[in-house]
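# Descriptive analysis of the structure
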Amino acid sequence: MTSALRAFSRRMTGQDLRATGRAVLLAVAVELALRMVSLDRVAHRLGLGFADGSRVDPRTEPAVPPGAVARVALDPRERVACRAVARVMRRWPGDRGTCLREALLYGHALRTRNPRLHVGAGTIDDRVVGHAWLSFDGGTLGYRRELVELTSDGR
Amino acid sequence: MNQSVSRPRVIARQGDDVLWRQLDDRVLVLDVSRSRYLRLNRSGTLLWRALREPRTVDELVDHLRRSYDVSHEDATTDVEGFLADLREHGLLEAA
């Protein structure tokens, strides 16, 4: 074990280490799954709903105001799981689609709150930029105001 | 013997596994099954919007020619090429 890795692991509790190991395995599984099955199926397997703004039923699913930041008190299990996701995603290779992997992993960590995965896009400097974020408990996590949500009917 | 030759009635519409949005004058499409984004050009955007309903090639050609000053032949080539691209990316359903 290199000294850097030893120092990294020394700062973590046993619980953190286990959660980080689980997050690494899940991140690898997500990476493979995204290459093999559709995004909505990956989301469902992880316990997330796949949001499509045009299919929201306002009677059962009150719209989450865009940009409303989710402020929730995480329980201890969620806190450890979210810390592990953050730790793994900070070091995850590649800079394309990281937000999607992040949203999927956080969504899984927060799955008891029925999170929904949203997908958006926009153009920045004439380049298409995709983005993914979560909504749960009346707020959003990772939402970016400059991008718009994609829907099945384009509205 | 006289034989009438008719164009096959290719009917297509937008696929089900697709999310999209028009930004400025172009459409951005996410192919959910492959997690991949595509940006359509202006004529592609026009045709894509028409494909919300099932359409034949002839209808799409007419639709394109109403907005662009192109010959029937060129428009047909463009439409067929566009549909082939969409099919290749799995963004089209046979209707």
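For the structure itself, consult the block above.
Figured I'd write up the structure that's included with this text.

Scoring rules and cut-offs
Residues numbered from 1 in each chain as written. Chains lettered and ligands numbered in written order. Predicted model: local features only at pLDDT ≥ 70, side-chain atom pairs only at ≥ 80, totals over all residues. Heavy atoms only, no water. Helix = DSSP H or I, 4+ residues; strand = E, 2+ residues; numbered from the N terminus. Contact = heavy atoms within 4.5 Å. Buried < 20%, exposed > 50% of the residue type's maximum accessible area, 1.4 Å probe, protein only. Areas by Shrake-Rupley, 256 points an atom, 1.4 Å probe, with all protein chains shown as cover. Core = buried A, V, L, I, M, F, W, Y, C linked by side-chain atoms within 4.5 Å. Salt bridge = Lys/Arg side-chain N within 4 Å of Asp/Glu carboxyl O. Buried area = accessible area lost by both parts, 1.4 Å probe. Polar contact = N/O pair within 3.5 Å; in protein donor to acceptor, adjacent residues only side chain to side chain. Pairing = 2+ DSSP bridges. Axes fitted to C-alpha atoms, helices over the stretch in contact; angles between N-to-C directions.

Now for the overall build of chain A. Of regular secondary structure, chain A possesses five helices and five strands. Helices and strands appear in chain A in the N-to-C order α-α-α-β-α-α-β-β-β-β. Within chain A, contacts between residues separated by at least 24 positions form 66% of all contacts whose residues are at least 6 apart in sequence.

Next up on the list: the overall build of chain B. A count of helical and extended segments in chain B gives three helices and six strands. Counting from the amino terminus, chain B carries its helices and strands in the arrangement β-β-β-β-α-β-α-α-β. In chain B, buried positions account for 35% of the 95 residues. When contacts within chain B are restricted to residue pairs at least 6 apart in sequence, long-range pairs at least 24 apart make up 52% of them. Carbon and sulfur atoms form 42% of the exposed surface of chain B, whose accessible area is close to 5700 Å².

Formed by 39 residues in total, the largest nonpolar core has its most connected members in Leu39(A), Phe50(A), Leu104(A) and Leu117(A). Taken together, the elements giving at least two residues each to this core come down to helix H2 (14-36), helix H3 (39-45), helix H4 (76-90), helix H5 (98-109), strand E2 (116-124) and strand E3 (127-136) of chain A together with strand E2 (18-23) and strand E3 (26-31) of chain B. In terms of residues, this core owes the most to one element, H4(A), which gives seven residues. The residues contacting Phe50(A), other than those within four sequence positions of it, are Leu39(A), Asp40(A), Ala43(A), His44(A), Arg116(A), Leu117(A), Val119(A), Leu19(B) and Val32(B). Ranked by size, the runner-up nonpolar core spans 21 residues in total, among them Trp20(B), Leu47(B), Val57(B) and Leu86(B).

We now examine the pattern of salt bridges. Residues and elements named next belong to chain A. Enumeration according to the criterion identifies seven salt bridges over all chains in this entry. The residue Arg-113 makes a salt bridge to Glu-78 at a minimum N-O spacing of 2.7 Å. Of this pair, Arg-113 sits in the loop between H5 and E2 while Glu-78 sits in helix H4, and the two are 35 residues apart along the sequence. Judged by relative accessible area, which is 18%, Arg-113 ranks as buried. By sharing partners, the salt bridges in this structure join Glu-31, Arg-35 and Arg-101 into a single network.

Time to look at the interface of chain A and chain B. The interface of chain A with chain B comprises 25 residues on the first partner and 18 residues on the second. Interface of chain A and chain B: buried area, both sides summed, is about 1700 Å²; carbon and sulfur atoms make up 60% of it. Where chain A touches chain B, the interface holds zero salt bridges. Where chain A meets chain B, there are six residue pairs in polar contact (both at pLDDT 80 or more). Residue assignment for the side of chain A that touches chain B shows that the elements contributing at least two residues are H3, E2, E3 and strand E5 (148-149) of chain A. In terms of residue count, the dominant contributor to the side of chain A that touches chain B is E2(A) (five residues).

Now for the pairing of strand E4 (residues 36-39) of chain B. The pairing of E3(B) with E4(B) spans four bridges and is classified as antiparallel. From the neighbouring strand, Asp31(B) faces E4(B), where its bridge partner is Arg36(B).

All names here are of chain B. With respect to topology, three strands assemble into an open sheet ordered E2-E3-E4, the strand pairing being antiparallel. The two strands at the open ends of the sheet, each matched to only one other strand, are E2 and E4. The mean inter-strand angle of the sheet, taken between neighbouring strand axes irrespective of direction, is 20°.

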